[in-house]
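Understanding the architecture of this molecule
The residues making up each chain are set out below.
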Amino acid sequence: ANVLMIALACAVVFIFCMLATRNLKMKPTGLQNFIEWIVDFVKGMVSDTMDWKRGKIFLPLALTLILFIFVSNLLGLVTVVIIGDVNWWKSPTADPAVTLTLAGMVIVLAHYYGARLKGFKTYGKSFFQPVGFMLPFNIIGELTSTLTLGLRLFGNIYGGGILSGLITTMALSGGAAVFIFSTIPAVAWLAFKLFVSAIQAFIFMVLSLVYISNQIE
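Report follows, based on the coordinates. Note that the structure is predicted; figures quoted are calculated from it, not measured.

Criteria and thresholds
Residues numbered from 1 in each chain as written. Predicted model: local features only at pLDDT ≥ 70, side-chain atom pairs only at ≥ 80, totals over all residues. Heavy atoms only, no water. Helix = DSSP H or I, 4+ residues; strand = E, 2+ residues; numbered from the N terminus. Buried < 20%, exposed > 50% of the residue type's maximum accessible area, 1.4 Å probe, protein only. Contact = heavy atoms within 4.5 Å. Areas by Shrake-Rupley, 256 points an atom, 1.4 Å probe, with all protein chains shown as cover. Phe/Tyr/Trp six-rings, centres within 6.5 Å; stacked < 30°, edge-to-face > 60°. 1 Å grid on protein atoms, 1.4 Å probe; cavity = no way out; pocket = protein on both sides within 12 Å on 5 of 7 lines; lining within 4 Å. Points joined across faces, edges and corners; volume = space filled by probe spheres on them. Nonpolar A, V, L, I, M, F, W, Y, C, P; charged D, E, K, R; others polar. Core = buried A, V, L, I, M, F, W, Y, C linked by side-chain atoms within 4.5 Å. Expected span 1.5 Å × (residues − 1). Polar contact = N/O pair within 3.5 Å; in protein donor to acceptor, adjacent residues only side chain to side chain. Axes fitted to C-alpha atoms, helices over the stretch in contact; angles between N-to-C directions. Parallel < 35°, antiparallel > 145°, perpendicular 65-115°, else oblique. Left-handed = near helix turned anticlockwise from the far one by under 90°.

Looking only at helices and strands, one finds eight helices and two strands in the protein chain. Along the protein chain, from the amino end to the carboxyl end, the secondary structure elements read α-α-α-α-β-β-α-α-α-α. Relative to its full complement of 217 residues, the protein chain shows a buried share of 34%. Look at the contacts in the protein chain between residues 6 or more apart in sequence, and 70% of them connect residues 24 or more apart. Counting only carbon and sulfur atoms, one obtains 73% of the accessible surface of the protein chain, whose full area is about 12,600 Å².

See below:
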């Protein structure tokens with residue numbers, strides 16, 4: 001199910017970007033205007049977290065993260081498809097395996113570019129700072145960074161999915177009066193979850209840039 005939803009999220013992002021950039025104009029309108037706003041916004045985040053001359057190579061990564069995670073978060077808002085005991089339609093980011101894999105990828109890239117841009121010797125010394133015996137603690141710190149980055153996203157999206165399910169169950173299990181009464185909190189929660197989906201995608205992207213910045217600066 002996760003592989004299916006990840007592939008769907010990738011397809012949605014790819015199609016959106018293709019439609020937004022297929023007929024580029026000097027005076028952007030419609031989707032082109034929207035995608036250019038996203039690019040400018042993400043570019044600003046990169047510039048705020050690291051030197052642009054070094055950080056510009058991470059603009060595509062940051063764009064991919066925020067778009068993919070936002071779409072993945074939204075997929076769980078669309079519907080629910082349960083066949084047998086398997087939920088075939090859900091937000092892939094509601095699975096810790098997916099979010100921890102994304103977080104692990106970011107941490108690995110951060111260390112790779114840290115060694116590449118600073119030199120392996122200078123990069124290696126950073127694990128022994130401020131004093132030599134800090135090496136185990138610095139390694140533990142990197143592991144906890146992966147866990148916190150991935151589990152933060154998972155917890156928010158998974159928790160939101162549970163609440164959505166409870167509200168839907170309450171609306172469908174009662175009579176007409178219960179259904180009508182549940183409509184207002186359901187719509188309010190849907191709007192709030194849309195906001196949370198955007199915020200969590202933004203937070204994951206910014207923290208990823210911060211981790212990378214800490215390694216290359």
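What follows continues from the structure just given.
Once that is clear, we can look at the packing of aromatic side chains. The description of an aromatic ring pair uses the distance of the two centres, along with the angle that the planes make with each other. Scanning all chains against the criterion turns up eight aromatic pairs. Judged by centre distance (5.8 Å) and plane angle (40°), the ring pair of Phe41 and Phe202 falls under tilted. In this pair, Phe41 is assigned in helix H2 (residues 30-49) and Phe202 in helix H8 (residues 176-216), connecting sequence segments 161 residues apart. Here Tyr112 and Tyr113 contribute two aromatic rings whose centre-to-centre distance is 5.0 Å and whose plane-to-plane angle is 80°, an arrangement assigned as edge-to-face. By relative accessible area, Tyr112 is classed as partly exposed at 45%. Overall, the relative accessible area of 19% leaves Tyr113 in the buried class. Members of the aromatic cluster, joined through ring pairs, are Phe16, Phe34, Trp37, Phe41 and Phe202.

A complete count under the given rule lists one cavity of 30 Å³ or more for this structure. Computed from the structure, the largest cavity encloses a volume of approximately 40 Å³. Lining the largest cavity are Leu149, Arg152, Leu153, Gln200, Ile203, Phe204 and Leu207. It is H8 that provides the largest number of residues to the lining of the largest cavity, a total of four residues. The residue inventory of the lining of the largest cavity, partitioned by class, reads five nonpolar, one polar and one charged.

The residue Leu59 is located in helix H4 (residues 59-78) in this model. Here Leu59 falls in the buried class, since its relative accessible area comes to 15%. For the pair Leu59 and Val39, spaced 20 residues apart in sequence, the C-alpha to C-alpha distance is 8.3 Å. Ignoring any residue separated from it by four or fewer positions in sequence, one finds Leu59 in contact with Val39, Val42, Lys43, Val46 and Trp52.

Membership of the largest hydrophobic core comes to 39 residues, with the highest contact counts inside it found for Val42, Ile69, Phe204, Met205 and Leu209. At the level of elements, helix H1 (2-21), H2, H4, helix H5 (96-118), helix H7 (135-173) and H8 are the ones that each hand at least two residues to this core. Ranked by residues supplied to this core, first place goes to H4 with 10 residues.

We now examine the side chain of His111. Looking at where His111 falls in the secondary structure, it is placed in helix H5. By relative accessible area, His111 is classed as buried at 13%. In contact with His111, not counting residues within four places along its chain, are Tyr123, Phe127, Glu142 and Gln215.

To continue, consider the layout of surface pockets. When its volume is computed, the second largest pocket comes out at roughly 390 Å³. Lining the second largest pocket are 18 residues; nearest its centre among them are Phe34, Ile38, Ile66, Leu67 and Phe70. Among the secondary structure elements, those contributing two or more residues to the lining of the second largest pocket are H1, H2, H4 and H8. Of the residues contributing to the lining of the second largest pocket, the split by class is 18 nonpolar, no polar and no charged.

Helix length check: H5 (23 residues) gives 32 Å between terminal C-alpha atoms against 33 Å at 1.5 Å per residue, within 8%. Regarding H5, the residues found buried are Val98, Thr99, Leu102, Ala103, Gly104, Val106, Ile107, Ala110, His111, Tyr113, Gly114 and Ala115. The N-cap residue of H5 is Asp95: its side-chain oxygen and the backbone nitrogen of Ala97 are 2.8 Å apart.

Orientation of H1 relative to H2, taken along the N-to-C sense of each, is 115°, at an axis distance of 7 Å. Here H1 is positioned roughly perpendicular relative to H2, judged by the angle of their axes. In the crossing of H1 with H2, the sense of the turn from one axis to the other is left-handed. Contact with H1, carried on its side by Phe16, Cys17, Leu19, Ala20 and Thr21, involves Leu31, Gln32, Phe34 and Ile35 of H2 and no other residues of that element.

Honestly, that's just the spatial picture; any functional story needs more than this.
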